[in-house]
Amino acid sequence: MAFDVSLRDPGTGFDIALAAAAGGDATPGASFSLPFNPLDVPAADLDAIDDELAALLTTLVLA
Amino acid sequence: MALRTKTVEYPFPTNAAPLAAATRLDFAAVTVYLPENSSRTFRSVIVEVYARDGATTATSMTSYLIGVKLGAAAFSDATQTTTMTNTGENQAWMFRRDVTSYFTSNYGSGTSQTCQVGIQFGASATSNQHAKLIITYEWDDASQDTRVKTVRIPLESNTGALTTSLVERGTNQVPDLDALLPEASKTYRQVWFEVEGSECTNGTTDSSLGLALDAEASDDDAVHENALNSAVYYRRLWVRNDMDTSVAHAFLAKTSNATSAPYCSLAVTLCVTYEYDHSTTTSVMNSLVLAMPVPRGHAGPSSTNKSRAQRTVCIEEPGTITLAQSAVRLYGNAFTTANLSILVGSQTARTYTVYAGNYVGCGDYCVQHRVDSGSAQGAALTLARGENTVTLDFYRATNPLNVGAAYLILNYTSDVHADGDAVHNHTTWWSILGSQTFSTTDDLSSAFAPNIPETNWYATGIGVEAITVSNAPGSFAAQAVAASGEAAGAGLATLVAQVGYNDFELGVSRFFEPCSDVFQQCSLYRPPEAMALETTRVYKAGSQFMVANLAMVLTYHSIFDWAVAGDVTGYGGTGTGLTVDIHRADTGVKVGETTTTAGAFSTVWPDDTVELYCVVREDDTHVGRSGNEVPA
């Protein structure tokens, strides 16, 4: 249903584990039951994602 | 069906003859039609009386009597013996008496009853006395096809003073009532104009106020004694049950002396109490009165540094929502020549002269500014289902002046809800404290709470209204006693506070303050910082050196057609009894909560336009948030 809530273990401290609401859709922009809010993601995590993407691109270019 | 509440008004027109001191006046009987007599319970009945003095020398009023009589029952009189020392001016008084218990005992079970009001003032002669009943009752809406209501249709003030000739105020501001009011099979019970404002006196010649519709001759009121050259707060109830309701009318006004009584920004509202057939009605006029949060102190000094009062109006009725003739009304006090520029929403400012000279202010000025397309400035806003923001800006163009109170008279049409129009937004008046004596102490009410019969209600507006008569620089405050666990805890919490709002002279001032941030707004949830609206509590009028009263003005609806519902998954326990916090998606503010049963939750909701999200925390390893969604 519309306000479905899927409980997860967020980890320690203020960590947040993002997941689709039950019955929802985790694809950004796909539905209004989307649980993902980029503003909720700590900057440190975004930095880590950036680092991983950069490493991946480097790998692809080298390949 | 269900128990509902409503408030209707019945006027006793302004008396045409002066009245000697200590002489009783019983107004002619008025038939009070209350057709909803199934499970009817009177919850609040107020008699409001007004008189202007008629004395040629400064006279201190020593007592006031307010009596009420229903049918064959005897008059019930109440006299307050109290002296308000005259400050050397002409003056006016406005008092209220709570007569709820008398109505309960004597109105009977019928659909109408005759009523009289009696008044008497000690020591001072008076003129232009009038009275009004403000009746709030509970009723069962099952099989009550004939219903009654009171609507207020505001006219826009002129920007300048009256002259000694009848001049129209705006253009055809009195609407074709038959066309404007969409209910079926209407029977008009009372049609009257409430004409209000400062006399703006700057001379000692006696005067009178003349009113007319279209080409009529002037209907002058009783003489206004001006020997003491005082700018008195004035109100006239001009009852026009003979008005042709099938056409629009021009409203004209004049003064007999443009120096003694120019009435610079006279404010006029057409009030109509009428019955209609609910069973065949498909569209209704929703007529609301909503306080605006006026910034304290003097009005802003310029268009750049203007005063701003903003509020939200939640509209949930079905069908097309159409703004009808509506306005903002402002009350205040000035000390010398003063202009007030007013705009709402997308309008440009219109500048009203509220004081054209160096008057001795003996009570409030009043100005009314329309917000619909009939305003001289054009429409200020459009309305839609959901939340509507109303923004009132005002600033002074010349000398400092106070704005002590402002409110919105909002009229809009909608379809009729499936549960009937009694669930729509409607404004109700609840007496907290009748007018007391002049003293140096505060006045405390008995334990009071509005009695809302519906289980689910949403308060579109909660306001506290006070009418004061003072003879010293005013500092008025109204407070209510919070309980432990409410607001800051057990103790008085402020509802309205206004310091230095008037001159040193004796006069009438009006306050109407929104308290939606003090009380809970919805039956579903009380934020910890808010007081429970339905809990009885003592209210206090900070009424040193004045006679004051208090009333709650509650606008609410009971349209809970939507649901916040979902399933919680992934819980570690049984999934029952988990708290679901409901937040607004735009602000993050928590606005409700419910609990789960085997993971499922559902609660009714009073809106389907504002996005929400739900948060559940079972424990530190079971946490989740829903997506953003609109209740459906």
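Residues numbered from 1 in each chain as written. Chains lettered and ligands numbered in written order. Predicted model: local features only at pLDDT ≥ 70, side-chain atom pairs only at ≥ 80, totals over all residues. Heavy atoms only, no water.

1. Remarks on the overall build of chain A
1) Next: Per the secondary structure count, chain A includes one helix and one strand.
2) Next: Per-residue burial over chain A gives 17% buried out of 63 residues.
3) Next: Of the roughly 4400 Å² of accessible surface on chain A, 66% is carried by carbon and sulfur atoms. (Helix = DSSP H or I, 4+ residues; strand = E, 2+ residues; numbered from the N terminus. Buried < 20%, exposed > 50% of the residue type's maximum accessible area, 1.4 Å probe, protein only. Areas by Shrake-Rupley, 256 points an atom, 1.4 Å probe, with all protein chains shown as cover.)

2. Some points on the layout of surface pockets
Residues and elements named next belong to chain B.
1) Next: Here the largest pocket is characterised by a volume of approximately 960 Å³.
2) Next: Mapped onto the lining of the largest pocket, the elements with two or more residues apiece are strand E19 (307-315), strand E26 (386-396), strand E30 (458-470) and strand E39 (590-595).
3) Next: No other element matches E19, which puts five residues into the lining of the largest pocket.
4) Next: By residue class, the composition of the lining of the largest pocket is 19 nonpolar, nine polar and eight charged. (1 Å grid on protein atoms, 1.4 Å probe; cavity = no way out; pocket = protein on both sides within 12 Å on 5 of 7 lines; lining within 4 Å. Points joined across faces, edges and corners; volume = space filled by probe spheres on them. Nonpolar A, V, L, I, M, F, W, Y, C, P; charged D, E, K, R; others polar.)

3. Some words on the pattern of salt bridges
All names here are of chain B.
1) Next: Under the counting rule described, the total for this entry stands at 36 salt bridges over all chains.
2) Next: Among the salt bridges present, the one from Arg510 reaches Glu196, with a minimum N-O distance of 3.2 Å. In this pair, Arg510 is assigned in strand E33 (residues 507-514) and Glu196 in strand E12 (residues 187-198), connecting sequence segments 314 residues apart. In this pair, the class of Arg510 matches that of Glu196, namely buried.
3) Next: The partner of Glu513 in a salt bridge is Arg296, with the nearest N and O atoms 2.8 Å apart. Here the residue Glu513 occupies a position in strand E33, and Arg296 occupies one in the loop between strand E18 (283-291) and E19, the gap between them amounting to 217 residues.
4) Next: Given the relative accessible area of 34%, Arg296 is considered partly exposed.
5) Next: Each of Glu48, Arg96, Glu196, Arg235, Arg329, Glu465 and Arg510 takes part in a single network of salt bridges with overlapping partners. (Salt bridge = Lys/Arg side-chain N within 4 Å of Asp/Glu carboxyl O.)

4. Considerations on the nonpolar core
Residues and elements named next belong to chain B.
1) Next: Of all hydrophobic cores here, the largest spans 91 residues; its most connected members are Phe95, Phe103, Ile135, Phe193, Phe251 and Leu270.
2) Next: Looking at this core, the element that brings in the most residues is strand E4 (residues 41-53), giving seven residues.
3) Next: Among residues more than four places away in sequence, those in contact with Phe193 are Val174, Leu213, Arg236, Leu237, Trp238, Arg240, Met243, Phe251, Val268, Thr269 and Leu270.
4) Next: Of all hydrophobic cores here, the second largest spans 39 residues; its members include Tyr365, Val371, Ala380 and Val403. (Core = buried A, V, L, I, M, F, W, Y, C linked by side-chain atoms within 4.5 Å. Contact = heavy atoms within 4.5 Å.)

5. A closer look at the environment of B:Arg147
Residue and element names in this part refer to chain B.
1) Next: Here Arg147 shows up in strand E10 (residues 146-155).
2) Next: Once you skip the residues sitting within four places of it in the chain, Arg147 turns out to touch Lys6, Pro35, Glu36, Trp139, Asp141, Tyr274, Glu275, Tyr276, His278, Asp421 and Ala422.
3) Next: A polar contact of 2.8 Å, which involves the side chain of Arg147, links it to the side chain of Asp421. (Polar contact = N/O pair within 3.5 Å; in protein donor to acceptor, adjacent residues only side chain to side chain.)

6. So, the confidence of the model for chain A
1) Next: In this model, chain A carries an average pLDDT of 56, and 17% of its residues clear a pLDDT of 70 or more.
2) Next: Here residues 23-39 of chain A is a poorly scored stretch, pLDDT under 50, and it has 27 contacts once near neighbours within four places are set aside; other chains count. (pLDDT = per-residue confidence, 0-100.)

7. Some details on the pairing of strand E21 (residues 327-334) of chain B
Residue and element names in this part refer to chain B.
1) Next: Burial analysis of E21 places eight of its eight residues in the buried class, the great majority of the element.
2) Next: Here E21 shows two buried faces, one formed by Ala327, Arg329, Tyr331 and Asn333 and the other by Val328, Leu330, Gly332 and Ala334.
3) Next: When E21 meets strand E25 (residues 365-370), the two strands line up antiparallel, connected through six bridges. The partner of Val328 across the bridge, within E25, is His369.
4) Next: Judged from the eight bridges that link them, E21 and strand E27 (residues 401-415) form a sheet pairing that is antiparallel. (Pairing = 2+ DSSP bridges.)

8. As for the sheet that holds E19(B)
Residue and element names in this part refer to chain B.
1) Next: Strand order across the open sheet formed by four strands is E19-E26-E22-E23, with antiparallel pairing between neighbours. The open sheet terminates on both sides in strands that have one partner only, identified here as E19 and strand E23 (350-355). On average, each strand axis in the sheet is tilted by 25° relative to the strand beside it, whichever way the strands run.
2) Next: Pairing of strand E22 (residues 338-344) with E26 involves five bridges; the strand directions are antiparallel. Residue pairing across strands places Leu343 opposite Asp393, the latter belonging to E26. (Axes fitted to C-alpha atoms, helices over the stretch in contact; angles between N-to-C directions.)

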